[in-house]
Amino acid sequence: MTTNITAAESPATARAATSFERLVSGLLFLLFLVGGCYLHFSRNVASGRLSPESMEIVQAARSTVNTRRLSTNVVRPLVLRHVAARPDGSVPDIEHAPLYPVLAGTAMKLADSNGPGQGDRVTAFLSLACFAVSLGACYLLALRLFGSGGAPLLACTLYAFGANALTLAVTVHPATMATALFTLLLLALHPLDVKGTARRAPALWAVGAGALFGLLFLTLYSALVLVVPLVWYLFVVTKRDYRAVLLFLGMAFLNPLTLAYLLRNAQVAGNPFFNARLLEFMMHTNWYPADSLYRATNLPGGVLEFLAQGGMAEIGRKLAVNLLGYYQQIPFAFGVFLLPLALVASLTRFTSPSVNRMRTLVWALLGVQVLALSLFVPYTEGLPILLMYLPFAAIIATVFFLNYLRARNLPPFYLRLATSAWVILACIPGVAQLVAPDRQMDAPPYSVYNALNTTTPQVPAMRAARDAVIASDVPREIAYHLDVPVVWLPMNSDEFLAVSERLGKPISGIVLTRALGTADTADFALTPWRATFSRLSAVLVTAIHLDRPTQISLLQKTRVYYPPEINEVLRSFQLQVPAVMEEDGSAASLIFWRGASPVAETVRTE
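Residues numbered from 1 in each chain as written. Predicted model: local features only at pLDDT ≥ 70, side-chain atom pairs only at ≥ 80, totals over all residues. Heavy atoms only, no water.

A short note on the overall build of the protein chain
Moving on, step 1. Looking only at helices and strands, one finds 25 helices and 9 strands in the protein chain.
Moving on, step 2. A total of 606 residues make up the protein chain; the buried ones form 53% of that total.
Moving on, step 3. Surface accessibility of the protein chain: about 26,200 Å² in total, with carbon and sulfur atoms responsible for 64%. (Helix = DSSP H or I, 4+ residues; strand = E, 2+ residues; numbered from the N terminus. Buried < 20%, exposed > 50% of the residue type's maximum accessible area, 1.4 Å probe, protein only. Areas by Shrake-Rupley, 256 points an atom, 1.4 Å probe, with all protein chains shown as cover.)

Here's the deal with the packing of aromatic side chains
Moving on, step 1. Applying the stated rule across the entire model yields 18 aromatic pairs.
Moving on, step 2. Between Phe131 and Tyr159, the aromatic rings sit 5.3 Å apart at their centres with planes inclined by 45°, giving tilted as the arrangement. With Phe131 in helix α4 (residues 120-146) and Tyr159 in helix α5 (residues 151-161), this pair connects stretches of sequence that are 28 residues apart.
Moving on, step 3. Ring geometry for Phe182 against Tyr389: centres 4.9 Å apart, planes inclined by 65°, an arrangement best described as edge-to-face. In this pair, Phe182 is assigned in helix α7 (residues 175-189) and Tyr389 in the loop between α15 (379-386) and α16 (390-407), connecting sequence segments 207 residues apart. Across this residue pair, the class does not change: Phe182 and Tyr389 are buried.
Moving on, step 4. Among the aromatic side chains, those forming a connected cluster through ring pairs are Phe213, Phe217, Tyr221, Phe248, Phe253, Tyr261 and Phe273.
Moving on, step 5. Looking at Arg76, its charged tip hangs above the ring of Tyr294, at a distance of 4.6 Å from the centre. (Phe/Tyr/Trp six-rings, centres within 6.5 Å; stacked < 30°, edge-to-face > 60°. Lys NZ or Arg CZ within 6 Å of the ring centre and 35° of its normal.)

As for the environment of Pro289
Moving on, step 1. By secondary structure assignment, the location of Pro289 is in the loop between α11 (256-269) and α12 (303-334).
Moving on, step 2. Assessed through its relative accessible area of 9%, Pro289 is described here as buried.
Moving on, step 3. Taking the C-alpha atoms as reference, Pro289 lies 7.7 Å from Phe524; in sequence the two are 235 residues apart.
Moving on, step 4. Pro289 has contacts with His284, Ala522, Asp523 and Phe524, leaving out every residue within four places of it along the chain. (Contact = heavy atoms within 4.5 Å.)

Details of helix α10 (residues 242-253)
Moving on, step 1. When the terminal C-alpha atoms of α10 are compared, their 16 Å separation across 12 residues agrees well with the 16 Å that a helix rising 1.5 Å per residue should span.
Moving on, step 2. The inward-facing, buried residues of α10 abut α7, α8 (203-217), α9 (227-237) and α11. (Expected span 1.5 Å × (residues − 1).)

As for the environment of Arg476
Moving on, step 1. Topologically, Arg476 is positioned in helix α20 (residues 475-482).
Moving on, step 2. In this structure Arg476 comes out as buried when scored by relative accessible area, which is 14%.
Moving on, step 3. Placed 402 residues apart in sequence, Arg476 and Val74 show a C-alpha to C-alpha distance of 6.1 Å.
Moving on, step 4. Setting aside chain neighbours within four positions, we find Arg476 in contact with Pro52, Glu53, Met55, Glu56, Val74, Asp291 and Trp488.

Concerning a nonpolar patch on the surface
Moving on, step 1. On the surface, a nonpolar cluster with roughly 570 Å² of combined accessible area is contributed by Phe332, Val336, Phe337, Ile424, Leu425 and Ile428.
Moving on, step 2. Considering every element that reaches the nonpolar patch, the biggest residue donor is helix α17 (residues 412-435), with 3 residues.
Moving on, step 3. Within the secondary structure, Phe337 is located in the loop between α12 and α13 (339-346). (Patch = residues over 30% accessible without salt bridge, like charges linked within 9 Å, V, L, I, M, F, W, Y side chains within 5 Å. Salt bridge = Lys/Arg side-chain N within 4 Å of Asp/Glu carboxyl O.)

A short note on the pattern of salt bridges
Moving on, step 1. A full pass over the atoms with the stated rule returns 10 salt bridges.
Moving on, step 2. With its nearest N and O atoms 3.8 Å apart, the salt bridge here joins Arg476 to Glu53. Highlighted residues: Arg476 in helix α20 and Glu53 in helix α2 (residues 52-67), separated in sequence by 423 residues.
Moving on, step 3. Using a relative accessible area of 37% as the deciding quantity, one classes Glu53 as partly exposed.
Moving on, step 4. Between Asp523 and Arg295 there is a salt bridge, and its shortest N-O distance comes to 3.3 Å. One end of the pair, Asp523, is in the loop between α22 (515-518) and α23 (527-543); the other, Arg295, is in the loop between α11 and α12, and 228 residues separate them in sequence.
Moving on, step 5. We classify Arg295 as buried; its relative accessible area is 4%.
Moving on, step 6. Connected through shared salt-bridge partners, Glu53, Glu56, Arg76, Glu95 and Arg476 make up one network.

Some details on the side chain of Lys505
Moving on, step 1. Position of Lys505 among the secondary structure elements: in the loop between α21 (493-503) and β6 (507-512).
Moving on, step 2. Judged by relative accessible area, Lys505 falls into the buried class, the value being 14%.
Moving on, step 3. Filtering out sequence-adjacent residues up to four positions away, Lys505 remains in contact with Arg86, Pro87, Asp88, Gly89, Arg466, Asp467, Ala468 and Ser500.

Notes on unusual backbone geometry
Moving on, step 1. Its identity as a non-glycine residue notwithstanding, Lys239 has a phi of 55°, on the positive side.
Moving on, step 2. As for its position among the elements, Lys239 is in the loop between α9 and α10.
Moving on, step 3. For Asn409, which is not a glycine, the phi torsion comes out positive at approximately 55°.
Moving on, step 4. Mapped onto the fold, Asn409 is located in the loop between α16 and α17.
Moving on, step 5. Taking relative accessible area as the criterion, Asn409 reaches 67% and is therefore assigned exposed.

Let's talk about the pairing of strand β4 (residues 469-472)
Moving on, step 1. Here β4 shows no split at all, with Val469 and Ala471 on one side and Ile470 and Ser472 on the other all buried.
Moving on, step 2. Note: β4 against β6, 4 bridges, orientation parallel. Considered in β6, the bridge of Ile470 is made with Gly509.
Moving on, step 3. Pairing geometry for β4 and strand β5 (residues 486-488), over 3 bridges, is parallel. Bridge pairing in β5 links Ala471 to Val487. (Pairing = 2+ DSSP bridges.)

Quick word on the packing of α12 against helix α14 (residues 353-376)
Moving on, step 1. Orientation of α12 relative to α14, taken along the N-to-C sense of each, is 125°, at an axis distance of 8 Å. For the element pair α12 / α14, the angle class is oblique. Where α12 crosses over α14, the two elements pack in a sense that is right-handed. For the pair α12 and α14, the contacting residues are Ile315, Lys318, Leu319, Asn322, Leu323 and Tyr326 in the first and Val370, Leu371, Leu373, Ser374, Leu375 and Phe376 in the second. (Axes fitted to C-alpha atoms, helices over the stretch in contact; angles between N-to-C directions. Parallel < 35°, antiparallel > 145°, perpendicular 65-115°, else oblique. Left-handed = near helix turned anticlockwise from the far one by under 90°.)

Comments concerning the nonpolar core
A general trend in soluble globular proteins is that nonpolar side chains are found buried together.
Moving on, step 1. Core analysis: the biggest nonpolar cluster contains 120 residues, and Leu185, Leu189, Phe213, Leu230, Phe334 and Tyr389 have the highest contact counts within it.
Moving on, step 2. Each residue touching Leu189, except ones within four places of it in the same chain, is listed here: Ala209, Leu230, Tyr233, Leu234, Met358 and Leu361. (Core = buried A, V, L, I, M, F, W, Y, C linked by side-chain atoms within 4.5 Å.)

Some words on the packing of α5 against α16
Moving on, step 1. Viewed as axis vectors pointing N to C, α5 and α16 meet at an angle of 130°, and their least axial separation amounts to 8 Å. With respect to α16, the element α5 is oriented oblique. In this structure, α5 crosses over α16, and the sense of that crossing is right-handed. Taking contact as the criterion, the partners of Ala151, Leu154, Ala155, Leu158 and Tyr159 in α5 are, on α16, Leu390, Pro391, Ala394, Ile395, Thr398, Val399 and Leu402.
Moving on, step 2. Here the residues of the contact of α5 with α16 sort into 11 nonpolar, 1 polar and no charged. (Nonpolar A, V, L, I, M, F, W, Y, C, P; charged D, E, K, R; others polar.)

So this is what it looks like as structure tokens:
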């Protein structure tokens with residue numbers, strides 16, 4: 001009898017040992033992938049420069065944790081039409097979904113890195129941690145959909161190194177967090193597919209899927225447009241189980257986190273779903289190009305008026321431009337060796353009907369989100385968001401490729417050779433980033449930050465008292481480095497005064513940098529400021545090479561004529577001299593202060 005029991009247990013023991021070995025090897029391989037990503041982080045983030053958008057996210061997270069309220073020091077005049085400024089000069093943050101800034105701010109606080117100009121490495125490390133979670137979610141989703149084997153690990157490899165995911169993993173952007181949540185959401189939705197069976201959809205998975213979608217919405221506002229396809233999917237796969245649909249929606253929008261945030265929005269803006277992105281519907285068109293509307297205190301006309309006067313054609317033109325941009329850029333973002341196979345896999349049928357239904361859902365969600373993003377933001381801003389579909393694309397591309405090779409009945413050697421060749425070619429973009437020599441990162445182009453901190457007494461006083469704000473053409477960069485409220489340059493003198501009234505605080509400083517020379521020329525709101533910068537910068541660049549007495553004499557004899565749109569404002573300010581010169585001496589950043597400054601010598605104006 002003992003022999004029989006041993007013989008009966010041997011296959012089970014062998015299967016358990018094999019499963020354990022696969023689990024250990026999978027975990028070790030995932031750790032290897034995460035280690036490679038950390039190498040990328042340590043080599044590139046330490047000396048890298050944040051993009052303006054990333055600087056805005058970091059300062060918003062820092063402001064939120066320092067004030068213990070969702071707030072931002074970057075003030076858009078148009079947003080003041082909907083929300084009221086706070087006593088410290090900041091405004092409630094309705095531009096960014098709250099989850100990423102809150103977690104980033106908490107990490108900054110724990111790392112004691114929440115001072116001016118700090119928090120970039122901590123926030124980038126948060127993105128890397130989210131990327132590690134998305135790798136694990138990709139592995140589990142592949143394991144759930146297609147079982148064990150080489151496909152899950154191979155899909156994770158292609159996801160990590162086959163496209164732009166590695167770059168995004170160390171970028172300050174909520175897209176990496178959204179990728180992890182979206183992949184986990186798909187993992188929770190699959191057990192709800194009971195179509196063709198006699199059982200009901202598991203209620204616990206509906207609750208989990210709803211909670212994950214709620215977190216996804218709190219990470220990306222654009223996730224709201226995904227509700228309709230998701231409800232349709234649940235309605236179909238749960239065989240009209242309204243209980244599952246209601247549990248999903250209830251957990252998505254009535255869970256404590258989402259509900260608290262919606263109530264907060266209703267309190268500060270009067271609309272629980274209001275966010276500043278909605279104001280971009282008319283922006284980036286020929287009528288309101290670039291960020292021009294963000295510099296206005298009021299919309300020139302309502303959205304309906306805009307559409308009635310020919311705005312539909314403008315929106316259609318913007319939509320076409322963005323769709324063309326996505327068509328050109330998505331293949332490179334997803335990987336030129338990965339996306340074609342993912343698309344071909346979408347035209348075939350897998351043996352599992354539930355996989356086919358989920359594939360239809362994912363591509364429907366992608367199409368809806370591309371259309372929504374094209375209506376509001378340029379494709380360059382929306383492209384990182386779409387990478388949250390990359391793990392699923394990597395999974396179905398990998399499985400399709402392996403199934404195709406196996407169907408050809410190739411000998412094992414040629415099967416491994418073909419698989420290895422495809423993986424190597426597909427992973428070249430990511431691997432190249434790890435083995436390439438260290439790059440010499442460009443220095444921050446505006447040395448005005450240090451000058452404002454060290455040569456003028458106004459900024460430390462503003463930071464301590466919070467009694468004034470600065471206006472600048474680079475508000476995100478100034479707010480990040482100085483941690484003071486900064487308003488986008490208003491369009492004209494009237495708008496300038498209106499902003500001060502709505503803030504309830506004076507604008508005590510104006511900072512113009514050489515970014516005005518590279519800003520979108522279509523942004524008509526910057527035209528008078530650009531002209532002012534060109535005139536004064538030319539004089540100051542000439543004077544900087546002269547001796548000090550000659551500089552003062554030349555500048556005092558120079559008459560500067562400001563553009564009429566902003567003449568009334570600038571005549572009440574004084575230009576700080578000497579100006580802040582760039583290292584190459586090619587341009588000078590201009591600093592204006594209201595009232596005399598101990599280090600200011602003024603240029604005559606008329």
